[in-house]
Structure formats: C-alpha cells, structure tokens
Amino acid sequence: MSKFDGFSLPEGTFLPPEFSQLLPELRTLGEVKVLLVILSEYLKAGLDARPLSHDEIQELAGLSRGTVNAALQRLRSPLQCIKRIGAPGGGYRYEPRLRQSLESLKFRLPMHESWNHDHDHDQTALLDDMHGVVNLLNEKCGVSLRVAQDIVARYDLDVVRRHCEYALCAAEQGLIRKTLAAYVVASIRDNWGPPLGWKERGKGKERWFTDEEYEKFFKKPGET
C-alpha cells in the first residue's frame, strides 16, 4: 500500500426523499430552481450551510426578482415546504421546513474534553446547555439548526457564546461582508479574536441581549 494521504472531506448536498413527492406539485421551472437552491445551500456538507436571502436566491437561481417572488410565495403557501425567518439586522431569509423541531433534535456529546461524559447528571446538564447555545446560534445569529448542532458538538460552549458576541459587535461596526451566520461560523472554526471596537457588554443599558435572551441563551442549568 502506498502512503496514506488522509480522508477526503465530504462535498455535495443532501437531497431529501420528500423532494420527489413535491415535484408533481411544482408548476413552474422557477419553483423548481428556487426550491433546489434553498435545499442545496441549507443541506450541503460542511459548516457553511445557511438560509438564503432573497437576493442570494435570485443570484444563485439566475431568475428575475418577480419570478423569485412568485416562487417563494407558493413554496411558503400553499405548499408549505419552506419558511421565512427574520434575519439579524433586518430583512428575511428562507430555509426548508424540517420535520424535526429543536426540542426533538438528538445531540451527540461534544468531542472536546470540557465535560465528563461518565456521569448521567453531567450529561443531562450538558444537553440542556447545548440546547441554549443552539438557540443562540440559530435565533440570534441565523445559523442553520444542522450547522449549530455540529458546532456545539465540536467546540466548548462558552467559546461559542463568546464568538457570537464578537460577531454581533462586528455586525454593529459594519465589518461583516457577507452574513452574520457565515461570520460567526468562520470565527468559531478559525478562532478569530475580537473585532475592531470590541467592548464586552453585560446586562446593563447597552447590551447584546435582552433579559429574555440572556435567560434563554446564557443561563446554565442549575444557575439562579
């Protein structure tokens, strides 16, 4: 055997079996192209999967704005196969409607060593904490649920929280070229430092999170 060069990273996208069930219901080429673009970006392998803005769908599908509008409207209702979510900083993004809810996701335990995997009590607390960080990535930063799951399994949760704060600061300073989701994923993956103008904020008058968000994203199990 010659020298082993290592494993290849997976490339490509997963096309759900339900797509073939929807095909007879898709009336126009625009609807097919828009749905394929949304699925291909959201379900592709790697840490870059994300929901798409209207402009991104229009560019990737090569369609006019009116055609994209008509396709999105019908895909959302009556077909109900995609959903529209609010994007950080305003506007909307589009992603597939998934069968699984966040509450039903089955997390794999983290690969890092910041938790002892031998005690059931620790594991229960860890999974609760992971749900909070997935909520933070998904709801506040626009990261897809599948990518958020992968992140919380690979990285220390407090580190992920800190990078989310870095990303929000960068967005406020106008330093993000693409999307907040892409920025925070790259920041976590490449361990970026704080952005220009970084200033840590607590729960005072000027803060990154409301009381409700702080409770949901940052309060760890057992804290009062």
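Coordinates for the structure precede this section.
A brief report on the enclosed structure follows. Because the structure is predicted, anything quoted here is derived from the model rather than measured.

Among the residues making up helix H3 (residues 54-61), those that are buried are His-54, Glu-56, Ile-57 and Ala-61. Relative to the axis of H3, the buried residues are bounded by an arc of 165 degrees and lie together on one face. Downstream of H3 by one or two residues, Gly-62 has phi in the positive range, about 70 degrees.

Ranked by internal contacts, the top residues of the largest apolar core, which has 48 residues, are Val-34, Leu-35, Leu-137 and Val-143. The residues contacting Val-143, other than those within four sequence positions of it, are Leu-137, Asn-138, Ala-148, Ala-181, Val-184 and Val-185.

What follows deals with the layout of surface pockets. Of the volumes computed, that of the largest pocket is approximately 620 Å³. Every residue lining the largest pocket is counted, 22 residues in all, and those nearest its centre are Pro-16, Glu-18, Arg-97, Leu-98 and Arg-99. Taken together, the elements giving at least two residues each to the lining of the largest pocket come down to helix H1 (18-22), helix H2 (29-42) and helix H6 (145-154). Here the lining of the largest pocket gets 4 residues from one element, more than from any other, and that element is H1. Split by residue class, the lining of the largest pocket holds 14 nonpolar, 4 polar and 4 charged.

Another point: the sheet that holds strand E3 (residues 92-96). Taking strand neighbours across the sheet as the criterion, the 3 strands line up as E1-E3-E2 in an open arrangement whose pairing is antiparallel. The outermost strands of the open sheet, each flanked by one partner alone, are strand E1 (52-53) and strand E2 (82-86). In this structure, E1 lies alongside E3, joined through 2 bridges in antiparallel fashion. Among the inter-strand pairings, Ser-53 is bridged to a residue of E3, identified as Arg-93. Along the sheet, H2 contacts E1, E2 and E3; its crossing angle with E3, the most-contacted strand, is approximately 85 degrees. Of the strands in this sheet, E2 and E3 are in contact with helix H4 (residues 65-76), which crosses E2 at around 105 degrees.

This model, assessed by the stated rule, comprises 9 salt bridges. Linking Lys-83 and Glu-95 is a salt bridge whose minimum nitrogen-to-oxygen distance equals 3.4 Å. You can see Lys-83 sitting in strand E2 and its partner Glu-95 sitting in strand E3, a full 12 residues away along the chain. Judged by relative accessible area, Lys-83 falls into the partly exposed class, the value being 36%. When its relative accessible area of 5% is taken as the criterion, Glu-95 is described as buried. Among the ionic pairs, Arg-154 bridges to Asp-150, the shortest N-O distance being 2.6 Å. Linking Arg-154 with Asp-150, this pair stays in helix H6, spanning 4 residues, or about one helical turn. Note on Arg-154: relative accessible area 39%, which makes it partly exposed. Looking at Asp-150, the relative accessible area reads 16%, which means it is buried. Taken together, the shared-partner salt bridges in this structure form one network comprising Asp-129, Asp-158 and Arg-161.

Thresholds, definitions, all that
- Residues numbered from 1 in each chain as written.
- Predicted model: local features only at pLDDT ≥ 70, side-chain atom pairs only at ≥ 80, totals over all residues.
- Heavy atoms only, no water.
- Buried < 20%, exposed > 50% of the residue type's maximum accessible area, 1.4 Å probe, protein only.
- Helix = DSSP H or I, 4+ residues; strand = E, 2+ residues; numbered from the N terminus.
- Arc of directions from axis to C-beta.
- Core = buried A, V, L, I, M, F, W, Y, C linked by side-chain atoms within 4.5 Å.
- Contact = heavy atoms within 4.5 Å.
- 1 Å grid on protein atoms, 1.4 Å probe; cavity = no way out; pocket = protein on both sides within 12 Å on 5 of 7 lines; lining within 4 Å.
- Points joined across faces, edges and corners; volume = space filled by probe spheres on them.
- Nonpolar A, V, L, I, M, F, W, Y, C, P; charged D, E, K, R; others polar.
- Pairing = 2+ DSSP bridges.
- Axes fitted to C-alpha atoms, helices over the stretch in contact; angles between N-to-C directions.
- Salt bridge = Lys/Arg side-chain N within 4 Å of Asp/Glu carboxyl O.

In short, geometric facts, not functional conclusions.
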